[in-house]
Amino acid sequence: MTFSDIIGQREMAERLRNLADNNRLPHAIMLCGPQGSGKMALAIALATHLLNTSDQARTMLDNFQHPDLHFAFPIIRPKGASSDKKFDSDDYMAEWLEMLRAQGAYFDLPTWLGNIKVENQQSAIPVAESDRLTRILSMKSNQGGKKIAIIWLPEKMNIECANKMLKLIEEPPTDTHFIMVSLHPELLLETIRSRVQRFEVKPVDQDDIIEALTKKRGLSEEDATRTARIAGGNWLKAVSLLEPGNEENLFFDLYVMLMRLAYARKVSDLKKWADQCAGIGREKQIRMLQAFQRLTREYFMYNFHKTELTYMTQEEEQFAQKFAPFINENNIIGMYELFQRTIRDIGQNANAKIQFFDLTMKMAVFIHKSRG
């Protein structure tokens, strides 16, 4: 992947390229920004730019097989491994490279964990990873140039790994660059954050997403614009919205079911709905509740009849035509805060069945609040 392959982000790409070309690139940088902004794409493009010294090197880079390009990423203990086995990214490197070759540099943690079939397990970057990087980066460059280590989601390093990584960054091997790609840099050790140069990657411009959707995906201008507005600068979300049976469609269906059952006050069916949501995994539950917040906001704004203020799919807009009046100034704040509290409690490992049933009972109250 090169800088020209990135969706938008031309200003950041040019900044990184200039630093590299003028030998002013720090040995340790961290690309931070929201999901789907292209941080990993920028990291790989920068590594390609630094290592692309020959036709042979470019061929290896195109296949993610350059011997001086190394990756570290969150993993779990391999299945069947003993509790005392040290494990690192090498145990999953084949799956990692297969994913990169199949879909490029745009993916998220659920996608990666889904590729190794451990979606609902807690991943981390273990201490053995810092030992591995120390060992391979201390060796002489295979191609006689620079060595690059891309660390995806460094905030997932456990404390032992982070402390060892700090020492490696403080005393880096010759001609070595560390490129960290972080979604939540605030979770990383302050001592590490203070020793890397941070680059803030903004969400992808809406016009860039529209252009990519029309040219790369063949969408009409109208469909691309509608999709880009809902994506909100997140290329991953824009792409996911095009997939049949995508997660957003599932969340919409669950939202519609919740509101209809809450209006009808069907307690037994609301209990079944709560039990269904309680079984889908906490990370997905949080994404679902965030989708509910977005839909609630859109249906409230729909009442003002200003299309430039709403961001909905055609299916969501069709539901809005009859449902929007039920989201009004008397319940919008209560509904939104209810979803936010549930997100917080689910994130703190509260009992999901209790949380979702409580949400349904309160929603049945909110949905019947009148305007008067």
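Bear in mind the structure is a predicted one, so any value in this text is a computation, not a measurement.

## Concerning the overall build of the protein
Per the secondary structure count, the protein includes 17 helices and 5 strands. Relative to the globule expectation of 21 Å for 372 residues, the C-alpha radius of gyration of the protein, 23 Å, shows essentially globular dimensions. With the C-alpha coordinates aligned to their principal axes, the bounding extent of the protein is approximately 75 × 50 × 35 Å. Looking at the 372 residues of the protein, the share that counts as buried comes to 50%. Sequence separation of at least 24 residues holds for 72% of the intrachain contacts in the protein that already meet a minimum separation of 6. Only carbon and sulfur atoms are counted for the fraction: they give 48% of the accessible area of the protein, which is about 18400 Å². Each charge class in the protein can be summarised by its mean position, and for the 48 positive and 48 negative side chains these summaries are 4 Å apart.

## Section: empty space enclosed by the protein
Considering all chains together, one arrives at 2 cavities of 30 Å³ or more under this definition. Take the lining of the largest cavity: its biggest share by element is 3 residues, from helix α2 (residues 39-51). For the lining of the largest cavity, a count of residues per class yields 10 nonpolar, 5 polar and 2 charged. Put simply, the second largest cavity is a space of about 30 Å³. Around the second largest cavity, the lining residues are Leu 241, Glu 248, Asn 249, Phe 252, Thr 313, Glu 315 and Glu 316. For the lining of the second largest cavity, the elements supplying multiple residues, two or more each, are α12 (247-264) and α15 (314-323). By residue number, the principal contributor to the lining of the second largest cavity is α12, which donates 3 residues. Across the lining of the second largest cavity, the residue classes tally to 2 nonpolar, 2 polar and 3 charged.

Cut-offs applied
Residue numbers run consecutively from 1 along every chain, following the written order of its sequence. Local features are withheld for residues below a pLDDT of 70 in this predicted model, meaning they are given only at 70 or higher, and side-chain atom pairs are given and counted only at 80 or more; totals for whole chains, interfaces and linings count all residues. Based on all heavy atoms of the structure, the side-chain values leave hydrogens and waters out of the count. For the purposes of this entry, the term helix denotes a DSSP run of H or I that reaches at least four residues, the term strand denotes a run of E that reaches at least two, and both are numbered from the N terminus. Values of the radius of gyration come from C-alpha atoms, whereas the globule rule sets the reference at 2.2 Å times the count of residues to the power 0.38. Only protein chains enter the accessibility calculation, which uses a 1.4 Å probe; a residue whose area is less than 20% of its type maximum is buried, one above 50% is exposed, and one in between is partly exposed. Contacts: residue pairs with any heavy atoms within 4.5 Å of one another. Note that accessible areas follow from Shrake-Rupley with a 1.4 Å probe, and for residues the cover is restricted to the protein chains shown. Only four residue types enter the tally: Lys and Arg on the positive side, Asp and Glu on the negative side; His and the chain ends are excluded. Here the site of a charge means NZ on Lys, CZ on Arg, CG on Asp, or CD on Glu. Every definition here rests on a 1 Å grid over the protein atoms only: cavities are sets of points where a 1.4 Å probe fits but cannot get out, pockets are open sets enclosed by protein on both sides within 12 Å along at least five of seven lines, and lining residues have some atom within 4 Å of a point. Grid points are joined across faces, edges and corners, and a volume is the space filled by probe spheres set on the points. Ten residue types, Ala, Val, Leu, Ile, Met, Phe, Trp, Tyr, Cys and Pro, are classed as nonpolar, four, Asp, Glu, Lys and Arg, as charged, and the remainder, Gly among them, as polar.

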